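Residue-level listing of the chains:
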Amino acid sequence: MIFDRPTSTELIEVVSEFLEKEIKENLPNHLAFKTQIAINVLNIVKREHQNEDVLTKESKEILLNLFQDSDKANIKELAKQIGTGKLKLENKELQEALIKITKKKISLDNPKYSTYKLSLIHI
């Protein structure tokens, strides 16, 4: 980080907490709902920022295991190969890769999601 304090993650956290604790409860229902959406977005961005390096590395490893080629180990190539039929959805390695990548995405989007929590037991 170029500057030390507050970090961008800390700034996002403060704004999220402010909206949650000071603003949302004083709004009409329709605005409180939209404010909760904004809070959720801020929290996703915060988790992405906090976990970006690890998740990028882990996702790259998943795709590298699938493709065995570092040039092809990316989401665009994965989508292309599925779309063109080079990778078939019946492929067990593809299924495992998609499940792992999806779990990583959910860990950012909504780690409190009950099905996600259950899926962690079955890793």
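The text that follows walks through the structure, step by step, so that each part is easy to find. It should be emphasised that the depicted structure is a prediction, and the values quoted were computed from it without experimental measurement.

## Considerations on the packing of helix α3 (residues 75-84) against helix α4 (residues 92-109)
Part 1 of the argument: Direction vectors running N to C along α3 and α4 enclose 140 degrees, while the axes themselves pass 13 Å from each other. One finds that α3 runs oblique with respect to α4. The chirality of how α3 crosses α4 is left-handed. Contact with α3, carried on its side by I75, L78 and I82, involves L94, L98 and I101 of α4 and no other residues of that element.

## Re the nonpolar core
Part 1 of the argument: Judged by nonpolar contacts, I62, L63, L66, F67, A73, L78, L87, L94, A97 and I101 together constitute the single largest core of 10 residues.
Part 2 of the argument: Secondary structure elements with two or more residues in this core: α2 (29-67) and α4.
Part 3 of the argument: The element best represented in this core is α2, accounting for 4 residues.
Part 4 of the argument: Ignoring anything within four residues of it in the chain, the contact list for L66 reads L78, L87, E93, L94 and A97.

Criteria and cut-off values
As a convention, each chain's residues are numbered from 1 in the sequence order in which they are written. Where totals are concerned, whole chains, interfaces and linings use all residues; where local detail is concerned, this predicted model gives features only for residues with pLDDT of at least 70, and gives and counts side-chain atom pairs only at 80 or more. For side-chain calculations, the full set of non-hydrogen atoms in the structure is used, while hydrogens and water are omitted. Between N-to-C directions, angles cover 0 to 180 degrees, with each direction set by a line fitted to C-alpha atoms, over the stretch in contact for helices. Secondary structure elements are taken from DSSP: a helix is a run of H or I of four residues or more, a strand is a run of E of two residues or more, and numbering for both begins at the N terminus. Comment on the angle field: the value is read as roughly parallel under 35 degrees, roughly antiparallel over 145, roughly perpendicular from 65 to 115, and oblique elsewhere. Two helices cross in a left-handed way if the nearer one is turned anticlockwise from the farther one by less than a right angle. They cross in a right-handed way if the turn is clockwise. In this description, contact between two residues means that some pair of their heavy atoms is separated by no more than 4.5 Å. In this description, a nonpolar core means a group of buried Ala, Val, Leu, Ile, Met, Phe, Trp, Tyr and Cys residues linked to one another through side-chain atoms lying within 4.5 Å. Burial classes: relative accessible area under 20% of the type maximum marks a residue as buried, over 50% as exposed, and values in between as partly exposed (1.4 Å probe, protein chains only).

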